[in-house]
Amino acid sequence: MSNGHSSGIGYVGQSSAPDQLNIIPRQMNFKHVKGKPKHWHHGDPLMTHLLTSASFFFPEGERFFIRSVRHYQNEITDPKLSKEILGFIAQEGIHGNEHEEYNEDVIEQGYTFLKPWKRIIKGLFKVVDRVTSREFQLGMTVSLEHVTALLAGSLLKHPEALLKGCDPKYREIWLWHAVEETEHKSVAFDTYEAIGGRFWIRSVSMVVSNLIFLPTVLIMLVQFLRRDGCLSQQLFRDAMEYHQDNGEVFIEMWTEYKSFFRKDFSPWNNLNQGLVDDWKDSNQTKYSMIEG
Ligand SMILES: [Fe+2]
Ligand SMILES: [Fe+2]
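Computed from a predicted structure; not experimentally measured.

### A look at the overall build of the chain
Scanning the chain from N- to C-terminus turns up 11 helices and 2 strands. Along the chain, from the amino end to the carboxyl end, the secondary structure elements read β-α-α-α-α-α-α-α-α-α-α-α-β. Relative to the globule expectation of 19 Å for 292 residues, the C-alpha radius of gyration of the chain, 19 Å, shows essentially globular dimensions. On the principal axes, the C-alpha backbone points of the chain span a range of 60 × 45 × 35 Å. Taken over 292 residues, the chain has a buried fraction of 38%.

In structure tokens form, the structure reads like this:
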């Protein structure tokens, strides 16, 4: 396991990922899908726009993740972790591009209030780049990767609970992203451990990440709902009804979120690689694989 020890030529910390795990980027080509519905999540504006607001965060967020890992990439000495870093960078690069196409589609649907958000989110990450240390930036990546990995794991484990009634193409893009987030979920963490990243820094960086991510997504969500003229109590009653049987799913997610604040946290404490294998069995051949 990693210990932050530098050998003089680099950091000797190692990958914690299962041996059989292979991080392979897949091309999605979401932009070529025609006739995408406006409220693709079971006709519901709230769930649709909540996920789309998160999608607006992704392109710049994922570029930030790549930058923060690249700072240390050349000093990692474990060949397995080095290879995983390449896979991580390739996957996140494709995610950023696919979600940019996804977001452009949404703007073209008439949600022009979103245009300044691209600049605002880019600006937020620029400020982080400027005012925080490289260790803190990597800590933020580890934090946001934990949040995406736990959401991804839940989508893969409970698709019928969380994506019931979804338009098939949107279901496909979210599950594709979920699979790759699960595959590379330990890469930033292992890099952070390898460089001797401190526990308290990653804990604080989780709080700061949440303070950036949550208000951004919530403000966008309210703007979406106001633009659709449907910001009402009924919308929230409908959401409660949709999720009435999902209590255990949300408790499971909250428990996994909190585990991040333990010193013995490791992404593969939740050994859910089987969910990726299940998805691969039925979907792998649909995508062009980019093997390095
Ligand atoms: Fe991603
Ligand atoms: Fe990721």
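Resuming the write-up.
### What about the nonpolar core?
Counting residues in each nonpolar core, the largest one holds 36 residues, and the members touching the most others are Val69, Ile85, Phe88, Ile89, Ala188 and Tyr192. Counting only elements with at least two residues in this core, the list comes to α1 (45-73), α2 (79-108), α3 (115-131), α4 (134-157), α7 (187-194) and α8 (199-227). The biggest single contributor to this core is α1, with 11 residues. Residues contacting phenylalanine 88, with those up to four places away along its chain left out, are Ile23, Val69, His184 and Val187. If you look at the next biggest cluster of nonpolar residues, it comprises 22 residues, including Trp40, Val147, Ala149 and Ala152.

### Concerning the environment of histidine 146
Inspection of the secondary structure assignment puts histidine 146 in helix α4. Classification of histidine 146 as buried rests on a count of 23 C-beta atoms within 10 Å. Here the alpha-carbon distance between histidine 146 and serine 186, two residues 40 residues apart in the chain, equals 8.6 Å. The residues contacting histidine 146, other than those within four sequence positions of it, are Phe260 and Pro267.

### Side note on the environment of leucine 144
Positionally, leucine 144 belongs in helix α4. Residues leucine 144 and phenylalanine 213, spaced 69 residues apart in sequence, show a C-alpha to C-alpha distance of 8.9 Å. Leaving out residues up to four positions away in the same chain, leucine 144 has contacts with Gly61, Ser209 and Phe213.

What counts, and at which threshold
- Residues numbered from 1 in each chain as written.
- Chains lettered and ligands numbered in written order.
- Predicted model: local features only at pLDDT ≥ 70, side-chain atom pairs only at ≥ 80, totals over all residues.
- Helix = DSSP H or I, 4+ residues; strand = E, 2+ residues; numbered from the N terminus.
- Rg over C-alpha atoms; globule rule 2.2 N^0.38 Å.
- Buried ≥ 20, exposed ≤ 12 C-beta atoms within 10 Å, placed from the backbone.
- Core = buried A, V, L, I, M, F, W, Y, C linked by C-beta atoms within 7 Å.
- Contact = placed C-beta atoms within 7 Å.

Function cannot be inferred from these measures alone, as they are strictly geometric.
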